[in-house]
Amino acid sequence: MAPAGRAQQDGLPPGPLQQKAQRACLGCHTVAIIVQQQLDRHVWTKEMDKMIRWGAPVAPEDREALIDYFVQHYGPRPESSTEAKLAPGPGAAKVRAACLGCHGAGVIAEQHLDQAGWEGAVDKMARWGATVRAEDRAAILKYLTRHYPAEGETAPPAKHKQVPRAF
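All of these numbers come straight from a predicted model, not from anything done at the bench.

## Re the overall build of the protein chain
Point 1. Per the secondary structure count, the protein chain includes 9 helices and 0 strands.
Point 2. The secondary structure elements of the protein chain, listed N-terminal to C-terminal, are α-α-α-α-α-α-α-α-α.
Point 3. Looking at the protein chain residue by residue over its 167 residues, the buried ones come to 33%.
Point 4. When contacts within the protein chain are restricted to residue pairs at least 6 apart in sequence, long-range pairs at least 24 apart make up 65% of them.
Point 5. Accessible surface, the protein chain as shown: approximately 10600 Å² in total, 57% of it carbon and sulfur.

## Quick look at helix α8 (residues 115-127)
Point 1. Between its first and last C-alpha, α8 extends 18 Å over 13 residues, near the 18 Å set by a 1.5 Å rise per residue.
Point 2. Remark: glycine 129 follows α8 within two positions and exhibits a positive phi of approximately 120 degrees.

## Side note on the pattern of salt bridges
Point 1. Inspection of every chain in the model, using the stated rule, returns 9 salt bridges.
Point 2. The partner of aspartate 62 in a salt bridge is lysine 20, and the shortest N-O contact between them spans 3.0 Å. Residue aspartate 62 is located in the loop between α4 (41-53) and α5 (63-74), and its partner lysine 20 is located in helix α2 (residues 18-25); the two are separated by 42 residues in the primary sequence.
Point 3. Overall, aspartate 62 belongs to the buried group, its relative accessible area being 13%.

## What to know about the packing of aromatic side chains
Point 1. For the structure shown, the criterion picks out 3 aromatic pairs.
Point 2. Measuring from centroid to centroid gives 4.9 Å for tryptophan 44 and phenylalanine 70, while their planes differ by 20 degrees, and the two rings are stacked. Taken together, the residues span a long stretch of sequence, with tryptophan 44 in helix α4 and phenylalanine 70 in helix α5 at a distance of 26 residues. The pair tryptophan 44 / phenylalanine 70 is uniform in exposure class, with both members buried.
Point 3. Ring centres 6.1 Å apart and planes at 65 degrees place the aromatic pair tyrosine 143 and tyrosine 148 in the edge-to-face group.

## Section: the nonpolar core
Point 1. Leu12, Ile34, Trp44, Leu66, Phe70 and Tyr74 are the most contacted members of the largest nonpolar core, which has 19 residues in total.
Point 2. Of all the elements in the fold, those that place two or more residues in this core are α2, α3 (31-35), α4 and α5.
Point 3. Sorting elements by how many residues they give to this core places α5 first, with 5 residues.
Point 4. Within the second largest apolar cluster, 15 residues are counted, among which are Val95, Ile140, Tyr143 and Tyr148.

Calculation criteria
Residues numbered from 1 in each chain as written. Predicted model: local features only at pLDDT ≥ 70, side-chain atom pairs only at ≥ 80, totals over all residues. Heavy atoms only, no water. Helix = DSSP H or I, 4+ residues; strand = E, 2+ residues; numbered from the N terminus. Buried < 20%, exposed > 50% of the residue type's maximum accessible area, 1.4 Å probe, protein only. Contact = heavy atoms within 4.5 Å. Areas by Shrake-Rupley, 256 points an atom, 1.4 Å probe, with all protein chains shown as cover. Expected span 1.5 Å × (residues − 1). Salt bridge = Lys/Arg side-chain N within 4 Å of Asp/Glu carboxyl O. Phe/Tyr/Trp six-rings, centres within 6.5 Å; stacked < 30°, edge-to-face > 60°. Core = buried A, V, L, I, M, F, W, Y, C linked by side-chain atoms within 4.5 Å.

Read these as layout, nothing more, since geometry by itself doesn't imply function.
Dropping the structure here:
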């Protein structure tokens, strides 16, 4: 996999598909938007098909090879010890499954949103191809709101069962 900094400076990684990828993608956006991706094959396929629908000049015979090229160079990266990690807690595994296929935990940790902000972010990511299962949505939002609250807000306290006092 090409180092992100080098790819941003020099363009897409060299190889037989470099020019086809440049022609298909760089007419509309920069290399940086591609370099930041960490998509698996399934999501790169959805992304390629979406871009073709939007007019990307991809010959049908080049589609699979371009998907392979992007998966090889911009597929999921293993979490390294220097990258931000998700805060531990209930819901972390669901967030990892839904979010970290496309970007690192640092992108999440940098966000500080309220409930409505996280709802909007999760909905946007789902529209962009994140696999947010309906049965996991509430747990994901609870986790994000608790661990990455809006600036100035604190995580809501844990709810404890009220026990009547004897006087």
